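# Descriptive structure summary
Residues per chain are reported as follows:
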Amino acid sequence: MSTLLEHLPGTRRGRGLALLAGALLWFGLYQLNEHVWDWLLYGAFGLDADSRVTETVHFFVYDTVKIVLLLTVIIFAVTFLRSYMSVERTRQILGGKREGFGNVIAAGLGVVTPFCSCSAVPAFIGFVAAGVPLGVTFSFLIASPLVNEIAIGMLLTLFGWQVTVVYVGAGLVIAISAGWVIGRLRLERFVEPFVFETTLRGKVVDPSAGLTFDDRVQMSVEEVASILRKIWPYLLVGIGLGAVIHGWVPTEFFTTYAGPGSSFGVLVAVGIGVPLYSNAAGIMPMVQALYEKGLPMGTLLAFMMSVVALSLPELILLRRVLRPPLLVAFVAVVATGIVAVGYLFNALLGT
Amino acid sequence: MEIKVLGSGCTNCQNLEKAAREAVASLGVDATIEHVTDPAEIAAYGVMRTPALVVDDDVVMSGRVPTTQTVRELLVARSS
């Protein structure tokens, strides 16, 4: 794998122009997306625009291209901005914080710190061994996947800023209060003892230090490629399900069983969402299709949150540092928070 | 030169190990490469984002998968 920047002009001006060309190309593709598929499916292949099969196929190909384009730009921008922040700096900020205020700061930092749940274990040990309180550490670990950049970017483009603000606010409240509750429960005895015995040796390397503009661009490009490589199966399955729901499920089906009037809608959504593991980008097309079918926003937000915040692979990783009672408490507290948010927003937003 | 790749065994960590092996091979230096998966040991290095690259017990990079070229530069900087 050679670096992208080696293929770009050496001068600053040349690179600026290359970035600009990339942006224009992206914009052109985004604008053309729908027209190309309309022309190809209805014109060139002569498919019947009113047939369900055609509509489903159109939804699938159009959404796949649109979401890949959106993800490219969102991941690039967020990685670039986040390269100015690091987990090491976050830990330093959280070091002297007490519970309460510390939970608020931790949840906020969970949103802006570059972090992947595959690093949950070393980060957990690093935080706790450095004296960050358990509950504060959890606020960070909950907020990080729950209020993540991809979810924010996708919600913003697909549902507008109001829903996004509601989502981010609710996510922060869950992370703050769940972390606080876990701290209050005094569950330190259910953390594997080696975590507290870990002594940090050597000097801490801040990966964000000393990066040049070129490094940050290069990192952002690598991140786009690495995330897309990782999530494309989830993306295709999610868009496929979205297309099927869009084309084949009658509206009455959902409004009868999970409509605004249903008292179990949110519980069922969270019950399905917790064991499901996907990426925020993978479930967004499904959420969008379900919204068209009249599912209330509170139920959908709860569904999304339960899919991204709690996942089996992450729990298996965390089992190396947490004993089962603490893991159960973690899942229970977060799931309860998500259910509460779902019902609250269904009540506030009406339909 | 003693090189360690810190990581949970995820894809990124394997990619880093591959990049490290390629860099060592292309430089022709005498080096051992070890893959550390024990979370306690990883955390003891102060690393909070895997994968990380450790050369002679110093963390030289963490939280990203560098290209083989970048690893080469890191190793050259260390050995001089």
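Sequence order sets the numbering: in each chain, residues are counted from 1 along the sequence as written. Throughout, the order in which chains and ligands are written sets their labels, letters from A for the former and numbers from 1 for the latter. Since the coordinates come from a predicted model, pLDDT governs what is reported: local features require at least 70, and pairs of side-chain atoms require 80 or more to be given and counted, while whole-chain, interface and lining totals use all residues.

## Description of the overall build of chain B
Counting from the N terminus, the helices are DSSP H or I runs at least four residues long and the strands are E runs at least two residues long. Within chain B, the regular secondary structure consists of three helices and four strands. Seen in sequence order, chain B has helices and strands lined up from the N terminus as β-α-β-α-β-β-α. For chain B, the spread of C-alpha atoms along the three principal axes comes to 30 × 25 × 15 Å. At a minimum sequence separation of 6, the contacts of chain B that also span at least 24 residues come to 62%. Here the contact rule is simple: place C-beta atoms from the backbone, and any two residues whose C-beta atoms are within 7 Å are in contact.

## Some remarks on the pairing of strand E3 (residues 52-55) of chain B
Working note: regular strand, side chains alternate between the two faces of the sheet. Residues and elements named next belong to chain B. Exposed residues have 12 or fewer other C-beta atoms within 10 Å of their own C-beta, buried residues have 20 or more, and residues in between are partly exposed; the C-beta atoms are placed from the backbone. Of the two faces of E3, the one lined by Ala52 and Val54 and the one lined by Leu53 and Val55 are each fully buried. Only when DSSP finds a minimum of two bridges between them are two strands counted as paired. Judged from the four bridges that link them, strand E1 (residues 2-6) and E3 form a sheet pairing that is antiparallel. Bridge pairing in E3 places lysine 4 opposite valine 54. Two strands pair when backbone bridges link them, and E3 and strand E4 (residues 58-62) are joined in this way by four bridges, in the antiparallel orientation. Looking across to E4, one finds that valine 55 is bridged to aspartate 58. Hairpin connection from E3 to E4: two residues lie between these consecutive antiparallel strands, with aspartate 56 at a positive phi of about 45°.

## What about helix H16 (residues 324-349) of chain A?
By definition here, a helix of n residues has an expected span of 1.5 Å times n minus one. Over its 26 residues, H16(A) runs 37 Å from end to end, which matches the ideal 38 Å to within 8%, given 1.5 Å per residue. Turning to H16(A), the residues buried within the fold contact helix H6 (134-146), helix H8 (161-184), helix H12 (265-273) and helix H14 (297-309) of chain A.

## Notes on the nonpolar core
Formed by 110 residues in total, the largest nonpolar core has its most connected members in A:Ile142, A:Leu301 and A:Val334. With ten residues, the single largest contributor to this core is H14(A). By convention in this section, buried Ala, Val, Leu, Ile, Met, Phe, Trp, Tyr and Cys residues joined through C-beta atoms within 7 Å make up a nonpolar core.

## A few points about the interface of chain B and chain A
The partner chain A presents 28 residues to the 23 residues of chain B that form the contact. Residue assignment for the side of chain B that touches chain A shows that the elements contributing at least two residues are helix H2 (39-44), E4 and helix H3 (68-79) of chain B. Residue contributions to the side of chain B that touches chain A peak at five residues, all from H2(B).

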